[in-house]
Amino acid sequence: MARPSVRYWFLLILLLTAIPVMHLLPGLDGSTIERQIRDALHIVGFGAVAWLLFDIVPYRPVARSLIAFIVAVVIGLLSEFGQKLTGNVFDPVDILRDAAGAGLMVMARMLWVVGTPEMPRLLLRCMALAAVLAVFAPMGYWSWVWLEERLKAPVIEDFDGRFSETYFSATNSDVTLTSSSGLNDRHVRIVLTSSTRSGVLLWSAYYDWRSWEWFVFDAEIIDGKDAEVSVHINDYDSIDHFQDTHAGMITVTTGSLGHRVPIREIIRQAERGDDAGNIRQIAIFSRSRNPGTIMAVDNVRLE
């Protein structure tokens, strides 16, 4: 085997440096889809590590594959321990993702270079390509899902998409996606509780709200009493930190649909400046403590 070039060593060192950095970078852990993308990056990243190790290890294909796989998994294990030392979560499932990416890639490399009388090289190379495709498939799939949601802008959520359920969650309430009410198409129906944080959390795939003035949504009471509702608009740094603001207060009644609140004024009153360039999370909470009241929300958008 030819001695690996300096280029391979450079690429390997660059990739190994990037892996711990990527573990610490924020931004891909908001919605369920973003977390899926981050998980898929483990598979792709350690597949790339194994690919380069396969070229650098100076042994026959089977031995090279085994060594490249083991070293890649050890690197993944060390990066998770490093992540724990910096105060982040040690996730053993991430190690399995690292191993999956490394295993598929070394299998692909080995299948590409070997051949036997019983197994034609063309067939083996087709199998190798299938293994490479398996490495990139989760990343490609979830990236497409995220892009599909992002391209809806200025619509943040209309609850009609195939993956709408990954962009909302209940908070001290019972939230269901349904089609039966006076609202058009599908919407979320929220059964409120006595908590002051009873409502729904929404995640935005469209982050840059600086060109928009108003956060707009349809909401009405289907059953029960009118509700005073607080709207929260959080950027990445303020996820899950909710501060009531005067600008974010509205009253939802039976038959009331279009509601809008000023984006920058809510951010200012929450004492986060006025930058709307990295919005990730929206909360719509009832403040009225009316357990059993049913509120419907739909057509969440920017104007």
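Refer to the preceding data block for the structure.
Anyway, here's the lowdown on the structure attached to this text.

Notes on the overall build of the protein chain
Turning to step 1, where the next piece is worked out: Along its length, the protein chain carries 6 helices and 11 strands.
Turning to step 2, where the next piece is worked out: Scored against the burial criterion, the 303 residues of the protein chain give a buried share of 44%.

Describing helix α5 (residues 121–150)
Turning to step 1, where the next piece is worked out: Between its first and last C-alpha, α5 extends 43 Å over 30 residues, near the 44 Å set by a 1.5 Å rise per residue.
Turning to step 2, where the next piece is worked out: Residue F136 marks the point of greatest curvature in α5, where the axis turns by about 40 degrees; the proline P138 follows within four residues.
Turning to step 3, where the next piece is worked out: Within α5, the full set of buried residues consists of L124, A128, A131, V135, W142, V145 and E149.
Turning to step 4, where the next piece is worked out: Looking at the buried side of α5, the elements it contacts are α2 (32–56), α4 (92–113) and β1 (155–157).

A closer look at the sheet that holds strand β5 (residues 198–203)
Turning to step 1, where the next piece is worked out: With antiparallel pairing, the 5 strands of this open sheet are ordered in space as β2-β5-β10-β7-β8. Looking at the sheet topology across the chains shown, the edges are occupied by β2 (168–171) and β8 (249–252). If you compare each strand with its neighbour and ignore which way they point, the axes differ by 25 degrees on average.

Some details on the side chain of R109
Turning to step 1, where the next piece is worked out: Tracing the backbone through its elements, the reader meets R109 in helix α4.
Turning to step 2, where the next piece is worked out: With relative accessibility at 11%, the residue R109 sits in the buried group.
Turning to step 3, where the next piece is worked out: There is a polar contact of 3.2 Å between the side chain of R109 and the backbone oxygen of W51.

Examining the packing of α4 against α5
Turning to step 1, where the next piece is worked out: Viewed as axis vectors pointing N to C, α4 and α5 meet at an angle of 160 degrees, and their least axial separation amounts to 8 Å. By the angle between their directions, the pair α4 and α5 is classed as roughly antiparallel. Our pair here, α4 against α5, has a crossing hand that is left-handed. For the pair α4 and α5, the contacting residues are G101, L104, M105, M107, A108, L111, W112 and V113 in the first and R121, L124, R125, M127, A128, L129, A131, V132, A134, V135 and F136 in the second.
Turning to step 2, where the next piece is worked out: Of the residues assigned to the contact of α4 with α5, the class counts are 16 nonpolar, 1 polar and 2 charged.

Quick word on a nonpolar patch on the surface
Turning to step 1, where the next piece is worked out: Among the surface-exposed residues, L66, I70, V74 and L78 lie close enough to one another that they form a single nonpolar patch of about 380 Å² accessible area.
Turning to step 2, where the next piece is worked out: With respect to the element layout, V74 can be found in helix α3 (residues 61–85).
Turning to step 3, where the next piece is worked out: Its relative accessible area of 41% is what places V74 among the partly exposed residues.

Brief notes about the packing of aromatic side chains
Turning to step 1, where the next piece is worked out: Under the defined criterion, the tally for this structure stands at 6 aromatic pairs.
Turning to step 2, where the next piece is worked out: Judged by centre distance (5.6 Å) and plane angle (40 degrees), the rings of F215 and F217 are tilted.
Turning to step 3, where the next piece is worked out: Exposure remark for F215: the relative accessible area of 0% places this residue in the buried category.
Turning to step 4, where the next piece is worked out: Judged by its relative accessible area of 0%, F217 is buried.
Turning to step 5, where the next piece is worked out: Site record: aromatic cluster; members linked through ring pairs are W209, F215 and F217.
Turning to step 6, where the next piece is worked out: If you follow R109 out to its NZ or CZ, it ends over the ring of W51, 4.2 Å from the centre.
Turning to step 7, where the next piece is worked out: If you follow R125 out to its NZ or CZ, it ends over the ring of W112, 4.2 Å from the centre.

Some thoughts on empty space enclosed by the protein
Turning to step 1, where the next piece is worked out: Evaluated as defined, the whole model comprises 1 cavity of 30 Å³ or more.
Turning to step 2, where the next piece is worked out: Of the pockets and cavities examined, the largest cavity occupies roughly 40 Å³.
Turning to step 3, where the next piece is worked out: At the level of elements, α5 and β1 are the ones that each hand at least two residues to the lining of the largest cavity.
Turning to step 4, where the next piece is worked out: Of the residues in the lining of the largest cavity, the class split is 5 nonpolar, 1 polar and 2 charged.

Criteria and cut-off values
Residues numbered from 1 in each chain as written. Predicted model: local features only at pLDDT ≥ 70, side-chain atom pairs only at ≥ 80, totals over all residues. Heavy atoms only, no water. Helix = DSSP H or I, 4+ residues; strand = E, 2+ residues; numbered from the N terminus. Buried < 20%, exposed > 50% of the residue type's maximum accessible area, 1.4 Å probe, protein only. Expected span 1.5 Å × (residues − 1). Bend = angle between axes of the 7 residues up to and from the residue. Contact = heavy atoms within 4.5 Å. Pairing = 2+ DSSP bridges. Axes fitted to C-alpha atoms, helices over the stretch in contact; angles between N-to-C directions. Polar contact = N/O pair within 3.5 Å; in protein donor to acceptor, adjacent residues only side chain to side chain. Parallel < 35°, antiparallel > 145°, perpendicular 65-115°, else oblique. Left-handed = near helix turned anticlockwise from the far one by under 90°. Nonpolar A, V, L, I, M, F, W, Y, C, P; charged D, E, K, R; others polar. Patch = residues over 30% accessible without salt bridge, like charges linked within 9 Å, V, L, I, M, F, W, Y side chains within 5 Å. Areas by Shrake-Rupley, 256 points an atom, 1.4 Å probe, with all protein chains shown as cover. Salt bridge = Lys/Arg side-chain N within 4 Å of Asp/Glu carboxyl O. Phe/Tyr/Trp six-rings, centres within 6.5 Å; stacked < 30°, edge-to-face > 60°. Lys NZ or Arg CZ within 6 Å of the ring centre and 35° of its normal. 1 Å grid on protein atoms, 1.4 Å probe; cavity = no way out; pocket = protein on both sides within 12 Å on 5 of 7 lines; lining within 4 Å. Points joined across faces, edges and corners; volume = space filled by probe spheres on them.

Function cannot be read off these values alone, since they describe shape.
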